[in-house]
Amino acid sequence: MSRNTELFERANRHIPGGVNSPVRAFGSVGGVPRFIERAQGPWVWDADQTQYIDYVGSWGPAILGHAHPDVVKAVQDSATRGLSFGAPTAGEIELAELLCQLLPSLEKVRLVSSGTEATMSAIRLARGYTGRNKIIKFEGCYHGHADSLLVKAGSGLLTFGNPTSAGVPEAFIQDTVVLNFNDIDGVKAAFSEYADQIACIIVEPIAGNMNLIKPIPGFLETLREQCTKHGAVLIFDEVMTGFRAGPQGVQGLSGITPDLTTLAKVIGGGMPVGAFGGRADIMDKIAPLGPVYQAGTLSGNPVAVAAGLCTLKLLQEPGLYDTLAQRTQRLAQGLKERAVAAGHSFSSDSVGGMLGYYFAEEVPTSYAAVSATDLSKFNRFFHAMLDEGVYFAPSAYEASFVSITHDDEIIQQTLDAAERVFKAL
């Protein structure tokens, strides 16, 4: 029996499903998850000491590659001074200042410990600021596991959805309006129907939780226009795309300025850090200045802040993002060329260090379109690539991630493996 199988069986005895986050269980692709023992640069090694080129990257944070020596040293140095204080530190101020400097839409920011916490708090703040209850979200965009966000769209253009998790009462999602991503007409219809009741729109401005899905021309512009016109708050959930899609996230690429932004992943450098921030007049509604309560014992944890600060500073190296985007684009294009040459319906896309690939003729623009791709073939491709020593995201509904340590040689190794797999698929 492999060590991975042994660990999975052991884990299932005391951990529900054997994992502490569902996608890790390989539920959609089947098989036994890989239990990772160590990582370095673009590589991970599992419990059987099998080495893989890693395109999961801790689901985004490992943009500098795993175990960057400067980040590791920053964590070690911080840890020697204490792991947690429950009191303010200078590092929190420095990280907040750097975030506001790098993202001009942030006038004030509050640190939390996860992306879920950031989005949950941002929505509460938007409701408290506007005095309204309804929110708009888009099917396929994931904003964490807060109750009001675990909702799936119904069949109509404009719908209040149904809970997608047991334990979420219907009442908790009755003020959540669910629309299709990239549905400009649906956004306008929602405001026409509920204009004075909508507190906010929350959106992944480039989706990464239904694979990589970009906004169509005019979509983000419509969100900004409608929120401005009707006094609603526009929230960009850049937990995944922040400092990953580009040096200023999607807001920098699109030129669209949100009222609030949620961040995590890259800003923690692999440690649990999240943040939400934006306009000062909105942020000042948060306690202790205002009536919207939010707190966290480990918010701004000094060790995690040290990792995030070091990561963000290293990302300021001139040309780094251009190099990262070029390599990711080369990988996306190379996968498509080899798949098509082998006779498969296949498309791909990329932005910054984010990669999407799909067993379909065209790049999808919605959750429904992703669901219509050849999921069975994706699963076979995933396992065949794993056998070749390449670890992609274990779900057709997740983007993959490239780090700056995925150099031209690593990209070529990946493409050579993919060529063999596509021919045999």
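Residues numbered from 1 in each chain as written. Predicted model: local features only at pLDDT ≥ 70, side-chain atom pairs only at ≥ 80, totals over all residues. Heavy atoms only, no water.

1. A closer look at the UniProt feature "modified residue: N6-(pyridoxal phosphate)lysine" (unreviewed entry) in the protein
Part 1 of the reasoning: According to UniProt, the feature "modified residue: N6-(pyridoxal phosphate)lysine" (unreviewed entry) maps to K265 in the numbering used here.
Part 2 of the reasoning: Looking at the secondary structure, you find K265 in the loop between strand 12 (260-263) and strand 13 (274-278).
Part 3 of the reasoning: Dropping the residues within four chain positions of it, K265 is found in contact with W59, P61, V239, M240, G270 and V273. (UniProt positions renumbered as here; feature names shortened; annotations may be inferred. Helix = DSSP H or I, 4+ residues; strand = E, 2+ residues; numbered from the N terminus. Contact = heavy atoms within 4.5 Å.)

2. Examining the packing of helix 5 (residues 184-194) against helix 6 (residues 219-230)
Part 1 of the reasoning: Where helix 5 meets helix 6, the axes come as close as 10 Å, and the angle between the chain directions of the two elements is 10 degrees. In terms of orientation, helix 5 lies roughly parallel with respect to helix 6. Only F219, T222, L223, Q226, C227 and H230 of helix 6 make contact with helix 5, whose side of the interface consists of I184, V187, K188 and F191.
Part 2 of the reasoning: Looking at side-chain class alone, the contact of helix 5 with helix 6 contains 6 nonpolar, 3 polar and 1 charged residues. (Axes fitted to C-alpha atoms, helices over the stretch in contact; angles between N-to-C directions. Parallel < 35°, antiparallel > 145°, perpendicular 65-115°, else oblique. Nonpolar A, V, L, I, M, F, W, Y, C, P; charged D, E, K, R; others polar.)

3. Section: the confidence of the model for the protein
Reading predicted coordinates in detail is not appropriate for stretches of low pLDDT.
Part 1 of the reasoning: Here the protein averages 95 in pLDDT, while 98% of its residues score no lower than 70.
Part 2 of the reasoning: Scored below 50 in pLDDT, residues 154-159 makes 15 contacts in the model with residues more than four places away or belonging to other chains. (pLDDT = per-residue confidence, 0-100.)

4. Focus on the environment of Q76
Part 1 of the reasoning: Mapped onto the secondary structure, Q76 falls in helix 2 (residues 69-79).
Part 2 of the reasoning: Expressed as a C-alpha distance, the spacing of Q76 and Y391, which sit 315 residues apart in the sequence, is 28 Å.

5. Topic: the sheet that holds strand 14 (residues 347-351)
Part 1 of the reasoning: Taken together, 3 strands build an open sheet; the order of strands is 14-15-17 and the sheet is antiparallel. Two strands close off the open sheet at either side, each with one partner strand: strand 14 and strand 17 (400-401).
Part 2 of the reasoning: Across the sheet, helix 10 (residues 320-341) is in contact with strand 14 and strand 15 (354-358); its angle to strand 14 comes to roughly 180 degrees. (Pairing = 2+ DSSP bridges.)

6. Focus on the sheet that holds strand 3 (residues 51-54)
Part 1 of the reasoning: Ordered by their spatial adjacency, 4 strands build an open sheet running 1-2-3-16, and the pairing between neighbours is mixed. Two strands in the sheet have a free side with no partner beyond their single neighbour: strand 1 (36-40) and strand 16 (390-391).
Part 2 of the reasoning: Across 3 bridges, strand 2 (residues 43-46) lies against strand 3 in antiparallel orientation. Counterpart to V44 in the pairing with strand 3 is Y52.

7. Overview of the pairing of strand 15
Remember that side chains alternate between the two faces of the sheet whenever the strand is regular.
Part 1 of the reasoning: With 5 of 5 residues buried, strand 15 is to be regarded as a mostly interior element.
Part 2 of the reasoning: Judged by which residues are buried, strand 15 turns out to be covered on both faces: M354, G356 and Y358 on one side and L355 and Y357 on the other are all buried.
Part 3 of the reasoning: Linking strand 14 to strand 15, which pair antiparallel, is a turn of 2 residues; within it G352 sits at a positive phi near 55 degrees.
Part 4 of the reasoning: Of the strand pairs in this sheet, strand 15 and strand 17 are connected by 2 bridges, and their pairing is antiparallel. When the sheet's bridge partners are listed, L355 is paired in strand 17 with S400. (Buried < 20%, exposed > 50% of the residue type's maximum accessible area, 1.4 Å probe, protein only.)

8. Describing the side chain of S348
Part 1 of the reasoning: One can find S348 in strand 14.
Part 2 of the reasoning: Apart from the residues within four sequence positions on either side, S348 is in contact with A332, Q333, K336, G356, Y357, Y358 and V363.

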